[in-house]
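# Analysis of the macromolecular model
In case you want the letters, here they are:
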Amino acid sequence: MFKSFSDNVYILLTAQRASYVTTKDKLSRIGANTLSLADIRTLLSGLPEETRSVPVEESLSTLDSLAIDLVKMAKLLPSALVIDMGFGNIEEMYDWCECNGILHLAGKALTDYTQEYVLQEVCRSDLYLQDSLKSKIIVYRSKIGEPEHYAIVIGEPAIENIVVRLHSSCYTGDLLGSLSCDCRSQLLTAVKLLAEQAGVSFFTFRKKVAELVLLTNQGIQFADAEFPRYSGC
């Protein structure tokens, strides 16, 4: 289906996604010239037994790594369709992109953006929780904006061997108390446990509504889902 562009068309999978649906555990390429849209959908959200026979090759391309960085920055599923194009020079590539309405982006622009995306402390304050009155909240944000992330310091944790829990935000669970997932109960349980021995809970911003819809449409309970299957981080 991609013959009009090139004979070298690949689906790019992160190491985590590749290890789930294939036998590889590295950033990988899967030939896509003969794949249908249904085949691609299976690669991105299917079960291992549906995809183990697909031929895979490890990717050593810097551009492939940058492509994954780009889709992650856009908060998209970290997979990409890669087409190797043969151009005589960079001007020819620019002309082709302009004629076909395709945006061209220099690798350095992505690298510079990534370097700018460094979290910095914005503010901190005492925080009084039901299960821990002696807590603090520290807010972090990158210099280029983006969503904020939080560190909830509960008690007075030791400098060494700190107990840490990473919690990704869930609008439907954390805020609305949805019964389709156990995110809120996990968060509250973690606070209780950390209150007993002191520790830190990192609260990261991540939209899960789309993932909830995806799982619901496939008849899978959110609390029972194997997230590497969908996140591919």
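Every chain's residues receive numbers from 1 upward, in the order its sequence appears when written. Note on the predicted model: pLDDT of at least 70 is required for a residue's local features to be given, and 80 or more for side-chain atom pairs to be given and counted; whole-chain, interface and lining totals, by contrast, use all residues. Computation of side-chain values covers all heavy atoms of the structure but excludes hydrogens and water.

An unreviewed UniProt entry annotates the protein chain as GTP cyclohydrolase II family protein of Anaplasma phagocytophilum str. CRT53-1. UniProt positions are given in the numbering used here, feature names are shortened, and annotations may be inferred rather than shown by experiment. Check the Pathway (unreviewed entry) section of the UniProt entry for the protein chain; it says "Cofactor biosynthesis; riboflavin biosynthesis."

## Quick notes on the pattern of salt bridges
Think of a salt bridge as a Lys or Arg side-chain nitrogen and an Asp or Glu carboxyl oxygen that are within 4 Å of each other. With the rule as written, the count across this model stands at 4 salt bridges. Here Arg-29 makes a salt bridge to Asp-64, at a shortest N to O gap of 2.7 Å. Of the two residues, Arg-29 is situated in strand S2 (residues 28-31) and Asp-64 in helix H4 (residues 62-73); the sequence distance between them amounts to 35 residues. Ionic pairing is found between Arg-124 and Glu-121, a salt bridge with its closest N-O pair at 2.8 Å. Here a helix means four or more residues in a row that DSSP labels H or I, a strand means two or more in a row labelled E, and each is numbered from the N terminus.

## Remarks on the packing of aromatic side chains
Here a pair means two rings of Phe, Tyr or Trp (six-membered ring of Trp) with centres within 6.5 Å. Their orientation is stacked below 30 degrees between planes, edge-to-face above 60, and tilted elsewhere. All told, the structure shown has 1 aromatic pair when counted by the stated rule. A cation over a ring is seen here: Arg-29 above Tyr-10, with NZ or CZ 4.4 Å from the ring centre. Here, a charge over a ring means that NZ of Lys or CZ of Arg falls within 6 Å of the ring centre while also lying within 35 degrees of the ring normal.

## Here's the deal with H4
One less than the number of residues in a helix, times 1.5 Å, gives the span that helix is expected to have. For H4, which comprises 12 residues, the first-to-last C-alpha distance of 17 Å matches the rise-based estimate of 16 Å (1.5 Å per residue) to within 8%. N-capping of H4 is provided by Ser-61, with a side-chain oxygen placed 3.2 Å from the backbone N of Leu-63. Positioned one or two residues after H4, Lys-75 has a phi angle of 60°, which is positive. Within 3.5 Å is the distance limit for a polar contact, defined as a pair of N or O atoms, with the added protein rule that one can donate a hydrogen and the other accept it, and that residues adjacent in sequence qualify only through two side-chain atoms.

## A look at the sheet that holds strand S1 (residues 9-13)
Within a sheet, neighbouring strands are paired by backbone hydrogen bonds and run either parallel or antiparallel to one another. When DSSP finds two or more bridges between two strands, those strands count as paired. Reading across from one edge, S3-S2-S1-S4 is the order of the 4 strands in this open sheet, with antiparallel pairing throughout. The two strands at the open ends of the sheet, each matched to only one other strand, are strand S3 (57-58) and strand S4 (79-83). As defined by bridge partners, S1 adjoins S2 across 4 bridges and the pair is classed as antiparallel. By the bridge assignment, Tyr-10 is partnered in S2 with Gly-31. The criterion used for residue contact is that any of the two residues' heavy atoms lie within 4.5 Å. Note on definitions: angles span 0 to 180 degrees between N-to-C directions of axes, and those axes are lines fitted to C-alpha atoms, for helices only across the stretch in contact. The sheet contacts of H4 involve S1, S2 and S4, and relative to S4 the element is tilted by about 140°.

## Some points on a nonpolar patch on the surface
Residues enter patches when they are more than 30% accessible in relative terms and free of salt bridges; like-charged ones are connected within 9 Å and nonpolar ones (Val, Leu, Ile, Met, Phe, Trp, Tyr) within 5 Å. Throughout, the Shrake-Rupley method with a 1.4 Å probe supplies accessible areas, and for residues the shown protein chains are the sole cover considered. On the surface, a cluster of nonpolar side chains totalling about 300 Å² of accessible area is made up of Tyr-113, Tyr-117, Leu-119 and Ile-144. Its place among the elements puts Tyr-113 in helix H6 (residues 107-116).

## Comments concerning the environment of Arg-17
By the secondary structure assignment, Arg-17 is in helix H1 (residues 15-21). To sort residues, take the accessible area from a 1.4 Å probe on protein chains only and compare it with the maximum for the residue type: under 20% means buried, over 50% means exposed, and anything in between is partly exposed. For Arg-17, a relative accessible area of 2% puts it in the buried group.

## Things to note about the nonpolar core
Throughout this description, the term nonpolar core refers to a set of buried Ala, Val, Leu, Ile, Met, Phe, Trp, Tyr and Cys residues connected via side-chain atoms within 4.5 Å. Judged by nonpolar contacts, Val-9, Ile-11, Leu-13, Ala-18, Tyr-20, Val-21, Ile-30, Ala-32, Leu-35, Ile-40, Leu-43 and Val-56 together constitute the single largest core of 12 residues. Those elements that place two or more of their residues in this core are S1, H1 and helix H2 (37-45). Among residues more than four places away in sequence, those in contact with Ala-18 are Leu-13, Thr-23, Lys-24, Lys-26 and Ser-28. Of all hydrophobic cores here, the second largest spans 6 residues; its members include Leu-27, Ile-68, Ala-80 and Val-82.

## Here we look at the packing of H4 against H6
The contact between H4 and H6 brings their axes to 10 Å, and the two run at 55°. It follows from the interaxial angle that H4 and H6 lie oblique. As for how H4 packs across H6, the hand of that crossing is left-handed. From H4, Leu-66, Leu-70 and Met-73 reach across to H6, where they touch Gly-107, Leu-110, Thr-111, Tyr-113 and Thr-114. Note that Gly is not counted as nonpolar here; it falls among the polar residues with everything else outside the nonpolar set of Ala, Val, Leu, Ile, Met, Phe, Trp, Tyr, Cys and Pro and the charged set of Asp, Glu, Lys and Arg. When its residues are assigned to classes, the contact of H4 with H6 shows 5 nonpolar, 3 polar and no charged. In what follows, roughly perpendicular refers to angles from 65 to 115 degrees, roughly parallel to angles under 35, roughly antiparallel to angles over 145, and oblique to any angle outside these ranges. Each crossing gets its handedness from the near helix: less than a right angle anticlockwise from the far helix is left-handed, clockwise is right-handed.

## Here's the deal with the pairing of strand S6 (residues 132-142)
The pairing of strand S5 (residues 119-129) with S6 spans 9 bridges and is antiparallel. Among the inter-strand pairings, Cys-123 is bridged to a residue of S6, identified as Val-139. In sequence, S5 turns back onto S6 through a hairpin of 2 residues.

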